[in-house]
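# Examining the three-dimensional arrangement
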Amino acid sequence: MPNTINKASISRIKSNRRIQPSAKELIKEILSGNKTALSRAITLVESTNQKHNQKANEIIEACLKKKNKTLRIGITGVPGVGKSTFIEAFGNYLISQGKKVAVLAVDPTSSISKGSILGDKTRMETLAKSENAFIRPSPSGDSLGGVARKTRESIILCEATGFDIILIETVGVGQSEIAVHSMVDFFLLLKIAGAGDELQGIKRGIIEMADCIAINKADGKNKQATRNAKIEFTRALHLYPPKKDGWLPKVLECSAINNDGISEIWKMITLFLHETKSFFNEKRKSQNKYWLLQTIENNIVADFYNNKEITLKLEALMIKVKNQEISPFIAAEQLLAFHQKT
Ligand code: GDP
């Protein structure tokens, strides 16, 4: 793995901006640690143009062959909890420990409303300037499945470029945590202490997925509230069934803005890696299986709904179902049978 990003190759690619590099050229540059080539390859992954996607597939296939020891960390939390401040502090800390850090985001809201929750503001300013960091905002897409797939492919590209820690940020507002959880080795939930109602408004599923709950903004007047929240979360975590890998999720506190508790979080993650070592590859394999099946499912569904004849027939059947002229099950069967014939 190269230690520094290859500057000569960056300027070569920059000076050639107008000429589209071939897949082979991009592969070569990516494998030598070129961030500009990485950006370009991610743009191909994100493109809706089929030719671009074919090129992206060729690049991904080559990148998959590069065996790296990487770590993928998912970070979630509601807007305002301090995700970008935390990632800035944590990312800079990791870089100070000799790591190369890529930050990706999964923000399905970017396709629904114009303003995405992640990425509108200027975020992670010092991290963005670091030679050993790479930050990419969330891809847009029609569906969470589409956004997640693109991010997953971008992870592979980042890893092949030599980034050894990939932070994947998501908004704690819905299904996107499940998607991110299924692409990472470690899942971190950021929380802030409230007024004794810590467990309210937090979905059970998200706590269950977390390998660590970090209570952020543990500073100033918040310190006592954080301590109480820590006790409450620790108690709550004991109520969940043990994880397959045997890991007991931890509750830590931090102040991202003051850089407090950041190294402790990394220490805890290294303990996790040590304790769950024998499960690491198994988890990645089962995630690959999940993504294989998920992609098939997504493509079948997209193929079905992109069929003009199907959508016309579906509209007609919906009216019939609404008027109780046909049962929804028979209507579905009729439509599926029609789809099989097309
Ligand atoms: P995000 O929406 O989850 O990405 O949250 P941001 O990182 O944008 O932070 C939201 C607000 O909380 C900003 O005004 C930050 O300055 C503030 N903030 C973030 N971390 C801390 C912290 O550790 N302590 C305090 N007191 N404020 C923080």
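Heads up: the structure comes first, above all this text.
Residues numbered from 1 in each chain as written. Predicted model: local features only at pLDDT ≥ 70, side-chain atom pairs only at ≥ 80, totals over all residues. Heavy atoms only, no water.

Looking now at helix 15 (residues 328–341). Taking 1.5 Å per residue as the helical rise, helix 15 with its 14 residues ought to reach 20 Å, and the 20 Å between its terminal C-alpha atoms agrees with that figure. For helix 15, the complete set of buried residues consists of Ala 331, Leu 335, Phe 338 and His 339. Viewed end-on, helix 15 has its buried residues packed into an arc of 100°, placing them on one side of the element. In helix 15, those exposed residues whose orientation departs by more than 90 degrees from the buried face are Phe 329, Glu 333, Gln 340 and Lys 341. (Helix = DSSP H or I, 4+ residues; strand = E, 2+ residues; numbered from the N terminus. Expected span 1.5 Å × (residues − 1). Buried < 20%, exposed > 50% of the residue type's maximum accessible area, 1.4 Å probe, protein only. Arc of directions from axis to C-beta.)

On to the pairing of strand 4 (residues 165–171), then. Most of strand 4 sits inside the fold, with seven of its seven residues counted as buried. Side chains of strand 4 alternate between two faces, with Ile 165, Leu 167, Glu 169 and Val 171 and Ile 166, Ile 168 and Thr 170 buried alike. Bridge analysis of strand 1 (residues 71–77) against strand 4 gives seven bridges, and the strand direction is parallel. Bridge pairing in strand 4 places Ile 73 opposite Leu 167. In the sheet, strand 2 (residues 101–106) pairs with strand 4 via six bridges, with the strands oriented parallel. When the sheet's bridge partners are listed, Ala 102 is paired in strand 4 with Ile 166. (Pairing = 2+ DSSP bridges.)

Secondary-structure assignment places Glu 153 in helix 8 (residues 144–161). Using a relative accessible area of 15% as the deciding quantity, one classes Glu 153 as buried. The contact partners of Glu 153, leaving out residues within four places of it in the chain, are Val 45, Asn 57 and Ile 60. (Contact = heavy atoms within 4.5 Å.)

One can describe the packing of helix 2 (residues 23–31) onto helix 3 (residues 35–46) by two numbers: an axis separation of 8 Å at closest approach and a directional angle of 130°. The orientation of helix 2 with respect to helix 3, classified from their angle, is oblique. For the element pair helix 2 and helix 3, the recorded crossing hand is left-handed. Where helix 2 abuts helix 3, its residues Leu 26, Glu 29 and Ile 30 lie against Ala 37, Leu 38, Arg 40, Ala 41 and Leu 44. Grouping the amino acids of the contact of helix 2 with helix 3 by side-chain chemistry returns six nonpolar, no polar and two charged. (Axes fitted to C-alpha atoms, helices over the stretch in contact; angles between N-to-C directions. Parallel < 35°, antiparallel > 145°, perpendicular 65-115°, else oblique. Left-handed = near helix turned anticlockwise from the far one by under 90°. Nonpolar A, V, L, I, M, F, W, Y, C, P; charged D, E, K, R; others polar.)

With that out of the way, let us pick up the packing of helix 14 (residues 308–322) against helix 15. Direction vectors running N to C along helix 14 and helix 15 enclose 165°, while the axes themselves pass 10 Å from each other. Comparing the axis directions of helix 14 and helix 15 gives the class roughly antiparallel. Handedness of the helix 14/helix 15 crossing: right-handed. Along its contact with helix 14, which presents Glu 309, Ile 310, Lys 313, Leu 314, Leu 317 and Val 321, the element helix 15 presents Pro 328, Ala 331, Gln 334, Leu 335, Phe 338 and His 339.

Judged by nonpolar contacts, the single largest core of 48 residues is most densely connected at Ile 30, Ile 59, Leu 157, Cys 158, Ile 166, Ile 168 and Ile 213. Among the elements that make up this core, the one with the highest residue count is helix 8 (seven residues). Counting residues in hydrophobic clusters, the runner-up holds 32 residues, among them Ala 133, Leu 188, Trp 247 and Cys 254. (Core = buried A, V, L, I, M, F, W, Y, C linked by side-chain atoms within 4.5 Å.)

Our focus in this paragraph is helix 14. Along its 15 residues, helix 14 runs 21 Å from first to last C-alpha, staying within 8% of the 21 Å computed at 1.5 Å per residue. A positive phi of about 55° marks Gln 324, the residue just after helix 14.

A few words now on the sheet that holds strand 2. Pairing is parallel across the open sheet formed by seven strands, whose spatial order is 3-2-4-1-5-6-7. The open sheet has two edge strands with one neighbour each: strand 3 (133–135) and strand 7 (250–253). The mean angle between the axes of side-by-side strands here comes to 20°, regardless of whether they run parallel or antiparallel. Sitting on the sheet, helix 11 (residues 223–237) is in contact with strand 5 (186–192), strand 6 (212–216) and strand 7, with an inclination near 170° to strand 7.

Attention now goes to the environment of Leu 317. Structurally, Leu 317 is set in helix 14. Distance from Leu 317 to Leu 335, taken between C-alpha atoms, is 8.6 Å for residues 18 residues apart in sequence.

These results come straight from atomic positions and should not be treated as a statement about function.
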